Structure formats: structure tokens, C-alpha cells
Amino acid sequence: MHVMVLGAGLTGVTTAWYLRRAGFDVSVIDRQPAAGLETSYANGGQISVSHPEPWANPSAPLVALRWLGRIDAPLRLRPRRDPAQWRWLLAFLRECLPARARRNTEAIAALARYSAAQLRSLREELGLGYEFLGRGILHLFFSERAFRGAAERVATLARLGIRAQLCSREEVLAIEPALTGAAERLAGGIFAPDDESGDAFRFTQALAAKCEEAGVRFYYNTRIHRLLHTGGLIDAVEVEDAAGHVGQLSAGAYVICLGSYSPALVAPMGERLPIYPVKGYSITAPVADPARAPWVSLTDESARIVCSRLGHRLRVAGTAELNGFDTTIDPLRGQSILRWVERRLPGAIDPAKAQLWAGLRPATPGNIPVIGKGRGVNLWYNTGHGTLGWTLACGSAAALATLMSGGRPSPAFPFVGRA
Ligand SMILES: Cc1cc2nc3c(=O)[nH]c(=O)nc-3n(C[C@H](O)[C@H](O)[C@H](O)COP(=O)(O)OP(=O)(O)OC[C@H]3O[C@@H](n4cnc5c(N)ncnc54)[C@H](O)[C@@H]3O)c2cc1C
């Protein structure tokens, strides 16, 4: 069967790969001139199996209130006259209920463990170059109060089958000596030795090249206007090429991998996807002093900032902003990330050479991606990966290929449309 994958970000390209390997004839459409140029371009770089807890958890409403009005707050809400934003926020609050947060954490952990294993074997099989590092992730706590909850988190991770160890300040410094400059303020950490990091954009591009070698067709510079459907059956996609020519592309089945732009495309078919854009920022800068730049990937738990070494560069990412599809870059957000680097990793980078970037996380209220069968006859989803699209990419795509081949994927995850 010929499958049309809509979107060539991390999710679309991994979907194309696993579908091709399962024997499908595959085409991919994207409005950009190459793969991975939107949200998958400059993310935090973490394969963070050790962070399955969604933002929607019982402590989130109080934390969000504390941040309200702070210009440098990790989370910022810009209320709009947009019913989709309010619907999403209400659903987010519902997902903060303890039982729902627990269920979401378990589902994400199951998919993340599966995904890390898929990524490992793909890397070994294809030898993809993407600044991969397998040195683990250190979760850092800069206040005694925050660190008090760390032992319980380690126990939760152990229950979920994820290796992690509680670390004193001295142990943290032994694992990552580049943190010496921040030692005074450090309360302790959690070390997840099996976690990884790497450049998601380079991975996406390298895998897209392997897809092409394997016979996948890519239609770049091709904007998708709408799905042409008869009732629940999609007949074709209406597209526009770079020259402005409007035409149609058709296949036997369609997979939606359009990130934050997924809901608008399927809404006319009566399908409602609970995905809303949550903007985040990153800076990427050349390493100035190799002894001061970490090799172990870092997560600052209270600032909600992550940091990954990508070869000779350091990537630092964070912040969450609910402001619709606005992708403009606010230099103040970049400055607050640079201040974090100066405080925690002084001298690691040259801030004058930092490149600032912003992307829209395709977020569902509980951070559970939508993977599986849509209600439309030949409509499938692999979208809504929110904060963990890099971590979950290979597992989500492998699971979707299993579902489309009529099988049952192994992770205990709420795939949609399954009896
Ligand atoms: C600041 C930040 C830090 C992050 N850090 C991490 C991290 O450390 N670890 C992690 O696991 N995840 C992280 N993420 C999340 C991760 O980057 C995303 O979940 C992931 O990139 C989403 O991939 P995607 O393919 O679904 O979306 P995208 O990469 O946005 O791909 C969607 C594609 O659809 C195309 N498209 C959309 N509309 C149309 C149209 N009408 N016609 C044609 N093409 C269209 C776009 O051009 C795009 O290429 C981070 C995200 C951000 C913003």
C-alpha cells in the first residue's frame, strides 16, 4: 500500500523510515525545503527517558501561579481570544489530577523505554551521525526544598523500570566536573546513566537521506492546503508547490505528522485533536572553554532548562509560552537562557556567538502523543509529542508501523483507535 506521510519533522521522517521498513510504499510532504526545519530544528537534544512526568501534575497549578507576571518565568501564558487555547488549558488542569498524572507518567515511561531501545538499534544498524552522546542525564536541584522530593522520584523511576540514582553535591561534581562553578548553590541531583543526547536536526536529516536511499519520495517546498475527502475516506491531499501551482497527491492511507499544525487539517473531517502550540526557546553557541562545558546532558529542575553538548557546540533550551502560533523571537527569552549559562556554567560559551531559536512544541494537555488510527477510514496519526518528541520519535514511529501492519505494539500505551 502507498502511504502519504504529512510532515517531515522528527516524527514524519521516523514514521517514513519504519513504514518503509515494514514494506509500505512511502511518500512524504513538507512545506519546507528540507527535513527537520521547524520544531525539530534546535531542541534540547535530550533522549530523556528519566523524565516521564508530564508538565500537568498535581504541583503544576501552584508553580504556575508563583511564576505569574515574572518576565523571566519558565512558563508564560498570554491569554488570547482563542477557544482552542482555553479548552486546552482546562484540559491541562484536568490532567493535573493525581490519578491522571500517574497514568500519563506510566504511559510515557513505557513508550520512552521502547523508543530508546528502537533508537539504539537504528543507530547501530545505520551508523547515523548526529553528535550522539551516551553519558546519561543529570537532573540538578539548586534548593534543599526541591531536592527533598528527589528520593521519591528515584523510587518512582525504579518502579517504572528506569535506572536512576540519587546523588549528593560531591557525586554530581564527580559525574560532571564542569558544574564546579555552580557547586556552591547545588543541593544535589538525580543521575540517569542510560539517557542520551544528540542533535535531533542532524538525526532527522541523516535518516531522511537513508529513507530516500530506501525509495521514499519526498515532496519538499510543498504546502498542504486541505484533505479532499468523501465522508470519512480521504481521496487526496490538495497541495501547492513553490511556484504556486495547486495540485493533488493521493495514496491509500495518510499519516498526520504536522506537529502543532495537525488539528487544523483534520478538523473539517470532524476530528478533534487536543494539540496546542507551546513555544520554547534555545540558544546554540560554540564551546569557548572545553573544560567548562559539560559532556553529560543536564536538566535544571527548577528553571526548567536543559543543556546538551553537541560536539563543539552547547545547546541550552527551555521556557514555555502559550501564545498561539506566534513564532517571533523575543530577545529577552534568549537573555534569560544566557543568564542561566553564566550562573551555572560560567565561561563555557561565548555568549556573543549564541544563536537564538524558537519552536512550537505540539503539546497535548497530558503530554501523551496521539498515535494510531483516526476515525477517518484511511487516516492515521503520529503527532502531539510536546516536550518529548525527540525521546519518543523512534518508538512512536515503530509502534505506528506495527499498528498499520495489523500488529500490536509492545508498549503499554493508549494508542488511539485500537479495539
Ligand atoms: C525549546 C524546545 C526544546 C525541546 N527539547 C527537547 C528535548 O530535549 N528532548 C525531546 O525529546 N524533545 C524536545 N523538544 C520537543 C521536540 O522537539 C518536538 O516534540 C518535536 O520536534 C516535534 O516533532 P514533529 O515532527 O512532530 O514536529 P515538527 O518538527 O514541527 O514537524 C512538523 C512538520 O510539518 C510541516 N508542516 C506543517 N504544516 C504544514 C503544511 N500545511 N504543509 C506542509 N508541511 C507542513 C512543517 O514544515 C514541519 O516540518 C523540545 C522542543 C522545543 C521547542
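Residues numbered from 1 in each chain as written. Predicted model: local features only at pLDDT ≥ 70, side-chain atom pairs only at ≥ 80, totals over all residues. Heavy atoms only, no water.

**Student:** How would you sum up the side chain of N382? Please name residues and give values.
**Tutor:** Examined against the element boundaries, N382 turns out to sit in strand β20 (residues 379-383). With relative accessibility at 0%, the residue N382 sits in the buried group. The residues touching N382, leaving out its near neighbours within four places in the chain, are T11, T15, V255, I256, C257, V370, I371, S396, A397 and L400. (Helix = DSSP H or I, 4+ residues; strand = E, 2+ residues; numbered from the N terminus. Buried < 20%, exposed > 50% of the residue type's maximum accessible area, 1.4 Å probe, protein only. Contact = heavy atoms within 4.5 Å.)

**Student:** Give me the lowdown on the packing of helix α4 (residues 98-126) against helix α8 (residues 200-213), citing residues and values where you can.
**Tutor:** As a packed pair, α4 and α8 sit with axes 12 Å apart at the nearest point and diverge in direction by 60°. By the criterion of interaxial angle, the relationship of α4 to α8 is oblique. When you trace α4 past α8, the crossing you get is left-handed. Two secondary-structure elements touch here, α4 through L119, L122 and L126 and α8 through F203, L207 and K210. Among the residues forming the contact of α4 with α8, the class breakdown is five nonpolar, no polar and one charged. (Axes fitted to C-alpha atoms, helices over the stretch in contact; angles between N-to-C directions. Parallel < 35°, antiparallel > 145°, perpendicular 65-115°, else oblique. Left-handed = near helix turned anticlockwise from the far one by under 90°. Nonpolar A, V, L, I, M, F, W, Y, C, P; charged D, E, K, R; others polar.)

**Student:** I'd like to hear about the domain arrangement of the chain, residue by residue, with values.
**Tutor:** For the chain, the domain assignment lists domain 1 (2-40 + 202-272 + 367-404) and domain 2 (46-196 + 276-363). A straight line from the C-alpha centre of domain 1 to that of domain 2 covers 27 Å. Summed over both sides, the interface between domain 1 and domain 2 buries roughly 2,800 Å², with carbon and sulfur atoms accounting for 68% of that surface. When the buried surface of domain 1 facing domain 2 is broken down by residue, R202, S260 and T391 rank first, second and third, together holding 20% of it. Along the contact surface separating domain 1 from domain 2 lie two salt bridges. Here E125 and R21 are joined by a salt bridge, their closest N and O atoms 2.8 Å apart. Run the count over domain 1 and domain 2 and you get eleven residue pairs in polar contact (both at pLDDT 80 or more). Going through the elements one at a time, α1 (10-21), α8 and α11 (389-404) are the ones with two or more residues in the side of domain 1 that touches domain 2. In terms of residue count, α11 provides more of the side of domain 1 that touches domain 2 than any other element does, nine residues in total. (Domains from an automatic or database assignment. Buried area = accessible area lost by both parts, 1.4 Å probe. Salt bridge = Lys/Arg side-chain N within 4 Å of Asp/Glu carboxyl O. Polar contact = N/O pair within 3.5 Å; in protein donor to acceptor, adjacent residues only side chain to side chain.)

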